[in-house]
Amino acid sequence: MTPAPNRYLLFCSTGLGDSLFCTPAIRHLRRQEPNSEIIVVVKEKLQNLFSTNPHINKIIAYRNNFLSMWRAGRKIRSQSYRAVFFFHLGGGVVRLIQNTSYDELHCVQKLNGLPSNAKLFPIDIRNKRQWEDFAGMVSGVCGGTNTDNEFELPLNEKSQAEATQFYRDIPMTRWRIGIQLGGSHLGKCWPPKRFAEVATHLVKEHDAQLFIY
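Everything in this summary refers to the structure shown in the same document. Computed from a predicted model, the values in this text were never measured in an experiment.

Along the polypeptide, Ser139 turns up in helix 4 (residues 130-142). Expressed as a C-alpha distance, the spacing of Ser139 and Gly178, which sit 39 residues apart in the sequence, is 34 Å. What Ser139 contacts, discounting residues up to four positions off in sequence, is His28, Gly144, Thr145 and Asn146.

Another aspect to go through is helix 4. Compared with an ideal rise of 1.5 Å per residue, which puts 13 residues at 18 Å, helix 4 spans 19 Å between its outermost C-alpha atoms and is within 8% of the ideal. A large share of helix 4 lies buried, amounting to ten of its 13 residues. Within helix 4, burial applies to Gln130, Trp131, Asp133, Phe134, Ala135, Met137, Val138, Ser139, Val141 and Cys142. Where the residues of helix 4 are buried, they touch strand 1 (7-11), helix 1 (16-21), helix 2 (23-32), strand 4 (80-86) and strand 5 (101-107). The first or second residue beyond helix 4 is Gly143, which carries a positive phi of 95°.

Time to look at unusual backbone geometry. One non-glycine residue, Asn99, adopts positive backbone phi at about 65°. Mapping Asn99 onto the fold places it in the loop between strand 4 and strand 5. The exposure class assigned to Asn99 is exposed, which follows from its relative accessible area of 76%.

A word on the side chain of Arg27. Looking at the secondary structure, you find Arg27 in helix 2. In terms of polar contacts, Arg27 uses its side chain to reach the backbone carbonyl oxygen of Asp148, at 2.9 Å. Not counting the four nearest positions on each side in its chain, Arg27 is found in contact with His55, Asp148, Asn149, Glu150, Phe151 and Glu152.

On the basis of which strands lie adjacent, the open sheet formed by six strands has the order 3-2-1-4-5-6 and parallel pairing. Edge positions in the open sheet fall to strand 3 (58-62) and strand 6 (119-120), since each of these has one partner strand only. Docked against the sheet, helix 2 engages strand 1 and strand 2 (37-43), running at close to 165° with respect to strand 2. Where helix 3 (residues 66-77) meets the sheet, its contacts fall on strand 1, strand 2, strand 3 and strand 4, and the angle it forms with strand 3 comes to roughly 155°.

All right, on to the pattern of salt bridges then. Counted according to the given criterion, the structure contains nine salt bridges. The partner of Arg7 in a salt bridge is Glu37, with the nearest N and O atoms 3.0 Å apart. Here Arg7 is found in strand 1, whereas its partner Glu37 is found in strand 2, with 30 residues between them in sequence. Among the residues examined, Glu37 registers a relative accessible area of 25% and is labelled partly exposed. The salt bridge partner of Arg31 is Asp148, with a shortest N-O separation of 3.3 Å. In this pair, Arg31 sits in helix 2 while Asp148 sits in the loop between helix 4 and helix 5 (157-168), placing the two residues 117 residues apart along the sequence.

Scoring rules and cut-offs
- Sequence order as written defines the numbering, with residues in each chain counted from 1.
- In keeping with the model being predicted, local features are shown solely for residues with a pLDDT of at least 70 and side-chain atom pairs are shown and tallied solely at 80 or more, while totals for entire chains, interfaces and linings include all residues.
- Based on all heavy atoms of the structure, the side-chain values leave hydrogens and waters out of the count.
- Counting from the N terminus, the helices are the DSSP runs of H or I reaching at least four residues and the strands are the DSSP runs of E reaching at least two.
- Between two residues, a contact is recorded if the distance between any of their heavy atoms is within 4.5 Å.
- To estimate how far a helix should reach, multiply one less than its number of residues by 1.5 Å.
- Between buried and exposed lies partly exposed: a residue is buried under 20% and exposed over 50% of the maximum accessible area for its type, with that area taken using a 1.4 Å probe on protein chains only.
- Polar contact is the term for a pair of N or O atoms within 3.5 Å; when the atoms are in protein, one must be able to donate a hydrogen and the other to accept it, and sequence-neighboring residues count only if both atoms are side-chain atoms.
- Whether two strands pair depends on DSSP finding at least two bridges between them.
- Only the contacting stretch of a helix is used when fitting its axis, a line to C-alpha atoms as for every element, and angles between N-to-C directions run 0 to 180 degrees.
- We count a salt bridge whenever a side-chain nitrogen from Lys or Arg sits within 4 Å of a carboxyl oxygen from Asp or Glu.

And the structure:
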């Protein structure tokens, strides 16, 4: 009788950038265990980031309110898992795994309310090794060594066609530079005036076309 495939639960419920850091770990897990079931937990506003990822079987999305968290926790508890992985996030999400059946629990930082059997795998933020360390944490469970640290953000066919058309309609006579207006964390935000100064400099220096995201 063929044994049931391993099931893994990965919490990628943090900001946009840190969530992208998780994609090499997810890809590595799929390559090591092609038949496994990979379930990813994300904030509702970021679920489109993972909706076209070919390595994920299921996404559980939630919002920061009691009813949404309760529903997400109920879906999580309906299954058992070979391992649960917490990537960079806040401690409030730990309660989603209360009374959940799993063999191992791994995290990259000490969070409030973690079970006593949780295994800590600290990430090396100083040397900007978040994505390597995320994949390393997964490797400790599923085996192998990750050698592919490229982020993964696949587009569906409609988005690919629209992006191709967008760039096709713009003459290739100037530099194209995209500007992302800050991050969600207060410490990452820049005053609008500074963005305007940078944009003005780029236009003058390179005769650039700017795209604001």
